[in-house]
Every structure is written in C-alpha cells, then in structure tokens.
Amino acid sequence: MSSIQKNIEQITSQITAAQQKCGRPLGSVQLLAVSKTKPKQAILDAALAGQVAFGENYVQEGADKVDYFSKHHPDLDLEWHFIGPIQSNKTRLVAESFAWVHTIDRAKVAQRLNDQRPEGMQPLQVLIQVNTSSESSKSGTSEEQEIFALAELISSLPNLTLRGLMSIPANVANYQAQLAAFTQLAEMKNTLAQRFPDLPLDTLSMGMSGDMEAAIEAGSTMVRIGTAIFGARDYNKP
Ligand SMILES: *Cc1c(COP(=O)(O)O)cnc(C)c1O
C-alpha cells in the first residue's frame, strides 16, 4: 500500500472518530483531498485508494489535471473542486473544468462563471466564501447582507447551484477558538437556509489538516485535507 493510501485510511478513521465523538451520523462528512502542487501520480494513488473528490487552488494547474484525468482515466470519474482565489479574468477555465467552486466572494465572479459554464454541463455547484475572522488579508465576504445579496443573485443564475458556505479561518491552535469560528459559519448557513428555503444548502466546507476535529464538531460536511494526505508542499517545484 502506498503512503498516500495509508494516510487516506488514517484520515478517514479520524473523521469517523470525530463524528462519533460528537454524535454525528457516520458518512455526514466528506473528505476533499487537496492536491495543489502535487503530481498526477499522487492523485492517481489517492484515486486508487477510493478517493473521488479533489481540490485544486491554481486555475491552470487544476485545469490541466482535470483534462489529464478525464482523457486518461475516465473510469475513475473524479470530481474536481476549485478552492483557490478567483481572479475575474480566469473564470472561463474554472467554468469549463470544475464541478464545484468553493470560493465565490463577489457578484462579478458568480455572473461570469454562470455565463461561461458550457452548455450541456451540469450546473456548477458553488459555495460562498465567508471571511469569519474579518481579516482583511483573507478573501471572502463577511457582512451578512452581502452574503444574502450574493445568495440572491446566485439563486437567479441557471448555471450555478448554491450549496452552502466555505471558510478558511485564522490559523490558531486553540480548540475553543477554532470551534467558535466554525460555529459562526454554521450559524450563518442556518440563517441562509431559513432565508432561502428552496435552495439545496447542504454543504459547509470547513476544516483542514490542523483544525479538522473542531470543524466536524461545529457541523462541517466537507473537510479539505492536503498535507495530512500528500505530505508537505514544495512551492519551489514547477
Ligand atoms: C491548501 C488548502 C487546504 C489544505 O490545507 P492543508 O493544511 O494542507 O490540509 C485546504 N483548503 C484550502 C482553501 C487550501 O488552500
């Protein structure tokens, strides 16, 4: 068994343990394997271990991987999530390549993704990225009214389906502080669901290698794990 396969088994049992600890049903948290900067062979190893959903941060790198796996391994039927910041001049490649986008933070990006989604593809499944820690250095929208306005717009766009919220809270080691930030996002999603009862708002994308347990306790339905599956990233490699 490859080390990647072992890591996936280990993360999967950590997810199970975290769900049991807080009494959540098994299978209510999906593992998104974050493969940014990692080679195709690493993705293949993970896919052969049964991993289906992969997250990428860089448009061109991600689109190349999507293209490669759809051509060479169509049988794997991988599901690709875009989780990086989106520049509005890069939306076309995102709209053409990915199944999910976690990082919608403004109207212009939502509108362009909708307009550029190719005909015949499923609607793009999207999340609004929320800046729960109100850090100006992080992308994401933070005001409730802004989130509602963006949700209203997305609900009117036929090629986008709003599924929920995503956040990348400040990197803190304290469990209670992690839990507080994630709980804030979970509450915001509940408010949104009351406001938009017709939308399938079933997704909270929160939790990474360092704060997965707190995210699961707060109600995460999708944890985004890179390092704990693939090892540390080397940003100097091409
Ligand atoms: C890189 C990244 C991750 C994965 O982080 P790890 O600490 O390696 O698990 C998750 N979410 C986003 C948005 C990322 O950019």
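Residues numbered from 1 in each chain as written. Predicted model: local features only at pLDDT ≥ 70, side-chain atom pairs only at ≥ 80, totals over all residues. Heavy atoms only, no water.

### Here we look at the layout of surface pockets
Roughly 430 Å³ of volume is contained in the largest pocket. Around the largest pocket, the lining is made up of 22 residues, and of these Lys36, Ile168, Met208, Arg224 and Arg233 lie nearest the centre. Split into classes, the residues belonging to the lining of the largest pocket amount to 10 nonpolar, seven polar and five charged. Considering only enclosed or pocket space, the second largest pocket measures out at about 320 Å³ in volume. Considering the residues around the second largest pocket, the lining is formed by 17 residues, among which Asp77, Leu78, Glu79, Trp80 and Ala99 are closest to the centre. Mapped onto the lining of the second largest pocket, the elements with two or more residues apiece are helix 3 (59-72) and strand 3 (79-82). Ranked by residues supplied to the lining of the second largest pocket, first place goes to helix 3 with three residues. Partitioned by chemical class, the residues of the lining of the second largest pocket number nine nonpolar, five polar and three charged. (1 Å grid on protein atoms, 1.4 Å probe; cavity = no way out; pocket = protein on both sides within 12 Å on 5 of 7 lines; lining within 4 Å. Points joined across faces, edges and corners; volume = space filled by probe spheres on them. Nonpolar A, V, L, I, M, F, W, Y, C, P; charged D, E, K, R; others polar. Helix = DSSP H or I, 4+ residues; strand = E, 2+ residues; numbered from the N terminus.)

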